[in-house]
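Topology and contacts: notes
Below are the chains, spelled out letter by letter.
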Amino acid sequence: MVREEQAVATDAVRAELARILASPRFDASDRNRHFLAHVVEEALTGRTDRIKAYTIATEVFGRDPKFDPQLDSIVRIEAGRLRRCLERYYLTDGRTSRLRIDVPRGGYAPVFATVEPVALPHSLTSSPRVLVTAFEEEGDQSAFPSFTRGFTRSLIIALTRFTGLCVFGVETALRLPSEIDAERPRIDLAPDYLVTGQTSLRPGRFEVDVLLIEAGTGRAVWAETFARELDPGEIIDLRNDVANRVARALAQPYGAIQSDRARDADGQAPELLGSYAAVLLFYAYWRTFDREIVEAVRVGLERAVAQEPDYAEAQACLSLVYVNAHRFRHAIGEGEPDPRGRALALASRAVELAPNSSWARYALGLAHWFNGDAATGLSALEAGRALNPNDTTILADLGQRYAMLARWDEAVPMLEESYATNPAQPGSYRIGLYLYHFAHDRFSEALAEARRVDAPQVLYGHVAVATAAAALGLDDEAADAVAAIRGLDPDYGAKVAADLAGRHVAPELVGLIACWLRKAGLAVPSGAA
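Described in the following lines is the structure provided in the data block. (Residues numbered from 1 in each chain as written. Predicted model: local features only at pLDDT ≥ 70, side-chain atom pairs only at ≥ 80, totals over all residues. Heavy atoms only, no water.)

Regarding the overall build of the chain
Applicable threshold: Each helix corresponds to a stretch of at least 4 residues labelled H or I by DSSP, and each strand to a stretch of at least 2 residues labelled E; elements are numbered beginning at the N terminus. The buried label applies to any residue whose accessible area, calculated with a 1.4 Å probe on protein chains only, is under 20% of its type's maximum; exposed applies above 50%, and partly exposed to all values in between. Residues count as neighbours in contact if any of their non-hydrogen atoms are within 4.5 Å of one another.
Each helix and strand in the chain was counted, giving 23 helices and 9 strands. The proportion of buried residues among the 529 residues of the chain is 52%. Sequence separation of 24 or more characterises 62% of the internal contacts of the chain that already satisfy a separation of 6 or more.

Next up, the structure:
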């Protein structure tokens, strides 16, 4: 909770200013240190009316009395840098301060506020701890005496590939009973979730019933039955396939565990989020790329990596936020000068911290891709896929990249598999399937995929709808999509070819899209197609 400046004592403000200026984490230039000290002192002595660009330029920066703030933006630029330095300070050395000094946008007068710490729910403070207990056996399994034990082991291995979870090992799981009301596992190991259930083998068929339990309360969170035809000659492969399907249903970013935990993060102010909760908020953003929450996501993740610099998943997620700042032109921070460079540095650090993290490799792949190096980007994405074949986000995004390059034999199977195994994943990856159908003149199928993108604040879904609808003669739908494109970027028609080429879209696809955008009613120069 924050209380505004009227209740803040002058001595307390001066003491906080001294702490800021003495902190090695406050990395402002000497000029901006004087800037901050000047405006704070002016405010404390009741001269806020003098805190203007002209007085700051002449009294702090040494500008000539003829200084004109309309012609020289030095104060505005330095104020932005000062705000970023203050933000970093309060994410690091100043994170426990009960008093904050800020310089809000729109002016240069400082604001002083007291901050009261707010306790977070336990579920928002750390990665979930998951304990798989030994599954029960139903019926006669004498023909396959190790089936259930092997399934439990395969499920644990599959879950551990999702590095955002803390999964207890095989030996721990197999020595515990499967009853969900057993107190000892909860007391001794303190898991957040129990995964339990039973296996059933019948002639020609096997079934696995899986139940996810919140360990602290015994609440049933999720349950599902997985069934397959039983071929004795392929039983190991079939068992492992079902274990992988269960792991995907539980551990994907939009799976049962993360969805359950995300409820507690919903609505939390970014400055109050714990590190894990900041990652949860990121996954909510990543589903639709909602520009309305991207700044809250960024602030929460910046705080997370400052407080826990070895938290690789937070580093990777923050890298992806900066990737999106470039590719979707999201406004973040105070005009981050090089979001692609920041993205690459964060992703590289994530890989350094967790070389076996598929998500870190995923972030590195997109960072390279949008830094202009498609080949290295694909290599990193393939490495991520190899580390965790169960992660359908990586599978879908890799398929999307191959689709942009018109490498259909690689793209289409990946995209189709990703949606077959995880139908609830974000619709944005359907752009790849739209490209495939559109390139082969299957306009009805292309439009069907485009309509399922579900990312209204990103213009590429509207581009897909506009082109496919125009090709089908659906003029009203095409016009509505063009209006949405103009609402997001009024000048997009003039730069569509350069934009798509910069995203490594194959030249033949660029020309095709530009041509049909023009026919849909967008002002695209004739040379673009």
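Considering the nonpolar core
Which entries qualify depends on this criterion: By nonpolar core we mean a set of buried residues, namely Ala, Val, Leu, Ile, Met, Phe, Trp, Tyr and Cys, connected to one another through side-chain atoms within 4.5 Å.
With 101 residues, the main nonpolar core has F282, W286 and L301 as its most contacted residues. Looking at this core element by element, the count peaks at 10 residues for helix 20 (residues 459-471). What F282 contacts, discounting residues up to four positions off in sequence, is V297, L301, C317, L320, V321 and W359. The next biggest cluster of nonpolar side chains, apart from the first, holds 32 residues, and it includes F135, F147, L155 and V210.

Some details on the packing of helix 22 (residues 492-502) against helix 23 (residues 507-520)
Relative orientation and spacing of two packed helices are given, respectively, by the angle between their axes and the distance between those axes. Keep this limit in mind: Axis definition: a line fitted to C-alpha atoms, over the contacting stretch in the case of helices. Angles run 0 to 180 degrees between N-to-C directions. Oblique is the label for every angle not falling under 35 degrees (roughly parallel), over 145 degrees (roughly antiparallel), or within 65 to 115 degrees (roughly perpendicular). Each crossing gets its handedness from the near helix: less than a right angle anticlockwise from the far helix is left-handed, clockwise is right-handed.
Helix 23 packs onto helix 22 with a crossing angle of 150 degrees between their chain directions and a minimal axis gap of 10 Å. By the criterion of interaxial angle, the relationship of helix 22 to helix 23 is roughly antiparallel. In the crossing of helix 22 with helix 23, the sense of the turn from one axis to the other is right-handed. Every residue of helix 23 that contacts helix 22 at V496, A497, L500 and A501 is listed here: V510, I513, A514 and L517.

Overview of helix 10 (residues 275-288)
For helix 10, the buried fraction is high: 11 of the 14 residues fall into the buried class. For helix 10, the set of buried residues is S275, Y276, A277, A278, V279, L280, L281, F282, Y283, Y285 and W286. Backbone geometry just downstream of helix 10 places F289 in the positive-phi region, at approximately 55 degrees.

A word on the side chain of Q252
Quick note on the threshold: Polar contacts, as counted here, are pairs of nitrogen or oxygen atoms within 3.5 Å of one another; within protein the pair requires one atom able to donate a hydrogen and one able to accept it, and residues that are adjacent in sequence qualify only if both atoms are side-chain atoms.
Within the secondary structure, Q252 is located in the loop between helix 8 (235-251) and helix 9 (256-265). A distance of 3.0 Å separates polar atoms of two side chains, one belonging to Q252 and the other to T392.

Some remarks on unusual backbone geometry
For D441, which is not a glycine, the phi torsion comes out positive at approximately 60 degrees. Even without glycine at this site, D454 takes up a positive phi of about 55 degrees. Looking at where D454 falls in the secondary structure, it is placed in the loop between helix 19 (443-451) and helix 20.

Here we look at the packing of helix 18 (residues 430-439) against helix 20
Inclusion rule: Amino acid classes used here: Ala, Val, Leu, Ile, Met, Phe, Trp, Tyr, Cys and Pro are nonpolar; Asp, Glu, Lys and Arg are charged; the rest, including Gly, are polar.
Orientation of helix 18 relative to helix 20, taken along the N-to-C sense of each, is 25 degrees, at an axis distance of 11 Å. Here helix 20 runs roughly parallel to helix 18, going by the angle between their axes. In this structure, helix 18 crosses over helix 20, and the sense of that crossing is left-handed. Contacts between helix 18 and helix 20 involve I431, Y434 and F438 on the former and, on the latter, Y460, G461, V463, A464, T467, A468 and A471. Partitioned by chemical class, the residues of the contact of helix 18 with helix 20 number 8 nonpolar, 2 polar and no charged.

With respect to the pairing of strand 4 (residues 129-132)
Counted only if it meets this: Two strands pair under a simple rule: DSSP has to find at least two bridges between them.
As defined by bridge partners, strand 4 adjoins strand 6 (residues 166-167) across 2 bridges and the pair is classed as parallel. Residue pairing across strands places R129 opposite C166, the latter belonging to strand 6. Inspection of the sheet shows strand 4 paired to strand 7 (residues 193-202) by 3 bridges, in the parallel sense. Within strand 7, the residue paired with V130 across the bridge is Y193.

Notes on the environment of R349
Along the chain, the position of R349 falls in helix 13 (residues 339-353). Each C-alpha atom, one on R349 and one on A312, is 7.5 Å from the other, the two residues being 37 residues apart in sequence. With near-sequence residues (within four places) excluded, R349 lies in contact with P309, D310 and Q315. Among the polar contacts listed, one links the side chain of R349 to the side chain of D310, at a separation of 3.4 Å.

Some remarks on the packing of aromatic side chains
This is how the line gets drawn: Note on aromatic pairs: the rings of Phe, Tyr and Trp (six-membered ring only in Trp) are paired at centre separations within 6.5 Å, and the planes decide the class, stacked below 30 degrees, edge-to-face beyond 60, tilted for the rest. Geometrically, a lysine NZ or arginine CZ counts as sitting over a ring once it is within 6 Å of the ring centre and also within 35 degrees of the ring normal.
In total, this model carries 21 aromatic pairs according to the counting rule given. A centroid spacing of 5.6 Å and a plane angle of 65 degrees characterise the contact between Y283 and W359, whose relative ring orientation is edge-to-face. In this pair, Y283 sits in helix 10 while W359 sits in helix 14 (residues 358-370), placing the two residues 76 residues apart along the sequence. Under the relative-accessibility criterion, Y283 is labelled buried at 6%. Owing to a relative accessible area of 5%, W359 belongs among the buried residues under this scheme. When the centroid spacing of 6.4 Å and the interplanar angle of 45 degrees are considered together, the rings of F328 and Y460 count as tilted. Linking F328 in the loop between helix 12 (312-327) and helix 13 with Y460 in helix 20, this pair joins segments that are 132 residues apart in sequence. Summarising the burial analysis for this pair, F328 and Y460 share the class buried. Put simply, the rings of F282, Y283, Y285, W286, F289, F328, W359, Y362, Y460 and Y492 touch in pairs and so form one group of aromatic residues. Its end group placed over the ring of F61, R31 keeps NZ or CZ at 4.9 Å from the ring centre.

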